[in-house]
Amino acid sequence: MDVREATRLLKGMRAAALAGRPSKLAPRAEIDASWRRVLGHGVDPDGARHTALLPLAEVERRRHSSPLSQVLPVLREALVSVADAAQHIMVVSDAEGKLLWREGHASVLRSADALGFEVGADWSEGVVGTNGVGTPLITGRPMQVYSAEHFVSTHHTWTCAGAPIVDPRDGRLLGVVDVSGPLSTMHPATLAFVTSVSRLAEAELRTRHLAAVERLRTVAAPVLCRVGGRALAVDTNGWTAAVTGMPPVDRLPLPKSFRAGRVWLPSLGMCAVEPLPGGWLVQAVGDDVRPADAIPRRVVLDLSRPRRSSVTVSGDAGSWTQELSPRHAELLYVLALHRTGRTAAQLAHDIFEDPTRTVTVRAEMSRLRRHLAEVLAHRPYRFAEDVEVEVVQPPHAADLLPHSTAPAVLGARHHPH
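You'll find the chain entered in an unreviewed UniProt entry as GAF domain-containing protein, with Streptomyces melanogenes given as the organism.

Spelled out as C-alpha cells, the structure:
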C-alpha cells in the first residue's frame, strides 16, 4: 500500500478510536491495548510535551550500572552502520524507558531532537504514549509502531521498531533497542532485523555469564574438596558452579537480602554461608527442622509494575522476594483469585482458554512449587489455607499484566475486582 494512503487510513482509525466511534479498520490488538493504557494515563494525543532530560551525571551512572553497556559493541556493529545508511537512528533505553544511547544518521538525529527523542529523555509509554521504546517495555515483545499508530500526533511522521533485551541470568528486563526513522525510509524487514540483533545481544550476555560461572567453579573446586557433607558454590543469582555431597541443581533460589552467616533455605534447611569471589559457598549444616519463626505467614503478589512482577513470602524471621516470569505471574494471580483452588484443566482454561493444555500447566506449576512449595498446595493447586495472600495491582486496571492474553487476566482488566 502507498505510504500516504496507509498513513491516512491509520489517522482515521486513530481519530475514531479517540472519539469512541466505530471504524471500518480496527487497530492491531497490541496497538488497541496500548492506546487504552495510554488514555488511562491521561497522555495528550495532540501534545508535544518534552520530558525533562536526566542530568549527564545520572545518564553516565545508569550507563555504567547497566549490563547493556557490555553488549553495546554488538548493537553498534549490527545496527548503526545499517541505520545510518538507511537514514535511521539506533536508540537504547533502560528498563524505565530512559534513553541512554543514541547513534545514527546526522539529519535524523536533528529531527529526533525536535521530538525530544534524545539521550536522557523518558520514552516510557505512560509519558509519551504508544512508541517503539515504551510499549515493548510493557508487553515484553518486539513491536513496530507505524506512523499514526503512535498515540501522540507529532510522532506520526516516524516509524519505530523496538525489541526488548532480557538478562539471561535472572530474566530481568534490561531495556529496549530501537531503530527509528522517517516513514519513507522504513523497510518491512526492520523489525525482524532488530529482533535478531536483540537476541544476539542476549546471547552475548549469556556467554559472559557462563564464563563468570566457570571462573567461580575454578575458585570453588578446591574449597569443595575440603568441605564435608552437602555443599555447593553458587553465583550471586543462585546459578550453581559446583556441588558436592548432593545431586546437582541448576539454580538455588536465594532470598533477596542474601548474606554470610547462618541462613535457613527451604530446599536445604539451615545453611552456613560464606562469600566467594563472584558468589557464595553454601553448606547444609544438617538441621532440616524449620525454625518456628521461619514459617511463612503472608504472601504479597506485586503486579503493580509492568514486566517486574514479584512474590514476597514473609514470616516472623523475615521475608523472601522473587521476581516472576510472565507465565508464573499469571498463574499466581489466578490462584489468588480462587483461594479454594483450581485443577490443572481449570488453570489451562484460565490461562490458554484450552482446558486440554494440562501438561503445560503441570510443568509450570511444578517449577513454581520448586520455589514456593511452602505456600503452594496441590490437588487442587491453591495457596495454603493458613497463609494470608495480598495482590498489589497497578493503579489502572488496563495495566494489569499488560503482556498477558490469558482470559482470566483480560476479564480482570475489563471488570476489576
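Here the narrative resumes.
Participant: I'm lost on the state of the cysteines in this one. Help?
Facilitator: Chemically, a disulfide is nothing more than a covalent bond linking the sulfur atoms of two cysteines. A full pass over the atoms with the stated rule returns zero disulfides. The thiol of Cys-225 is unpaired, and the distance to the nearest cysteine sulfur, on Cys-271, comes to 20 Å. Assessed through its relative accessible area of 0%, Cys-271 is described here as buried.

Participant: What am I meant to see in the sheet that holds strand E8 (residues 261–265) here?
Facilitator: Two modes of strand pairing occur in sheets, parallel and antiparallel, and in both the strands are linked by backbone hydrogen bonds. Read across the open sheet, the five strands follow the order E7-E6-E10-E9-E8; overall the sheet is antiparallel. Two strands close off the open sheet at either side, each with one partner strand: strand E7 (240–244) and E8. Ignoring strand direction, the axes of neighbouring strands in this sheet form an average angle of 25 degrees. With five bridges connecting them, E8 and strand E9 (residues 269–276) associate as antiparallel partners. From the neighbouring strand, Val-263 faces E9, where its bridge partner is Cys-271. Contacting strand E6 (231–235), E7, E9 and strand E10 (279–284), helix H8 (residues 190–226) runs over the sheet at an angle of about 25 degrees to E7.

Participant: Got a minute to help me understand the pattern of salt bridges in this structure?
Facilitator: Any two side chains of opposite charge can pair, on the condition that their charged atoms come close. Tallied over the entire structure, the rule returns 26 salt bridges. The shortest N-O distance in the salt bridge between Asp-32 and Arg-36 comes to 3.1 Å. Here the residue Asp-32 and the residue Arg-36 both occupy positions in helix H2 (residues 29–41), the gap between them amounting to four residues, near one helical turn. Note on Asp-32: relative accessible area 27%, which makes it partly exposed. Note that Glu-58 is salt-bridged to Arg-62, the shortest N-O span being 2.9 Å. Here Glu-58 pairs with Arg-62, and both are found in helix H3 (residues 56–65), just four residues apart, close to one helical turn. Via salt bridges that share partners, Glu-58, Arg-61, Arg-62, Asp-94, Glu-96, Lys-98 and Asp-122 belong to a single interconnected network.

Participant: Could you clarify how one ought to interpret empty space enclosed by the protein in this entry?
Facilitator: To find leftover empty space, one rolls a probe the size of a water molecule over the atoms. Going through the model one piece at a time under the given rule, you end up with one cavity of 30 Å³ or more. Of the pockets and cavities examined, the largest cavity occupies roughly 50 Å³. Forming the boundary of the largest cavity are Leu-115, Phe-117, Trp-123, His-150, His-155, Trp-158, Cys-160 and Ser-180. Split into classes, the residues belonging to the lining of the largest cavity amount to five nonpolar, three polar and no charged.

Reading the values: rules and limits
- Along each chain, numbering runs from 1 in the same order as the chain's sequence is written.
- Since the coordinates come from a predicted model, pLDDT governs what is reported: local features require at least 70, and pairs of side-chain atoms require 80 or more to be given and counted, while whole-chain, interface and lining totals use all residues.
- Computation of side-chain values covers all heavy atoms of the structure but excludes hydrogens and water.
- The criterion for a disulfide is a pair of cysteine sulfur atoms lying within 2.5 Å.
- Here the term buried applies to any residue with accessible area under 20% of the maximum for its type, exposed to any over 50%, and partly exposed to those in between, with areas from a 1.4 Å probe on protein chains only.
- When DSSP locates at least two bridges between a pair of strands, those strands are taken to pair.
- Secondary structure is summarised from DSSP: a helix means a run of H or I of at least four residues, a strand means a run of E of at least two, and numbering begins at the N terminus for each.
- Axes, fitted as lines to C-alpha atoms, cover a helix only where it is in contact. Angles between the N-to-C directions of the axes lie from 0 to 180 degrees.
- Contacts were defined at the residue level, with two residues in contact if any of their heavy atoms lie within 4.5 Å.
- Salt bridges are counted wherever a side-chain nitrogen of Lys or Arg sits within 4 Å of a carboxyl oxygen of Asp or Glu.
- Throughout, the protein atoms alone are placed on a 1 Å grid, and a set of points is a cavity if a 1.4 Å probe fits but cannot get out or a pocket if it is open with protein on both sides within 12 Å along at least five of seven lines; lining residues have an atom within 4 Å of a point.
- Grid points are joined across faces, edges and corners, and a volume is the space filled by probe spheres set on the points.
- Residues were grouped as follows: Ala, Val, Leu, Ile, Met, Phe, Trp, Tyr, Cys and Pro as nonpolar; Asp, Glu, Lys and Arg as charged; and all remaining residues, including Gly, as polar.

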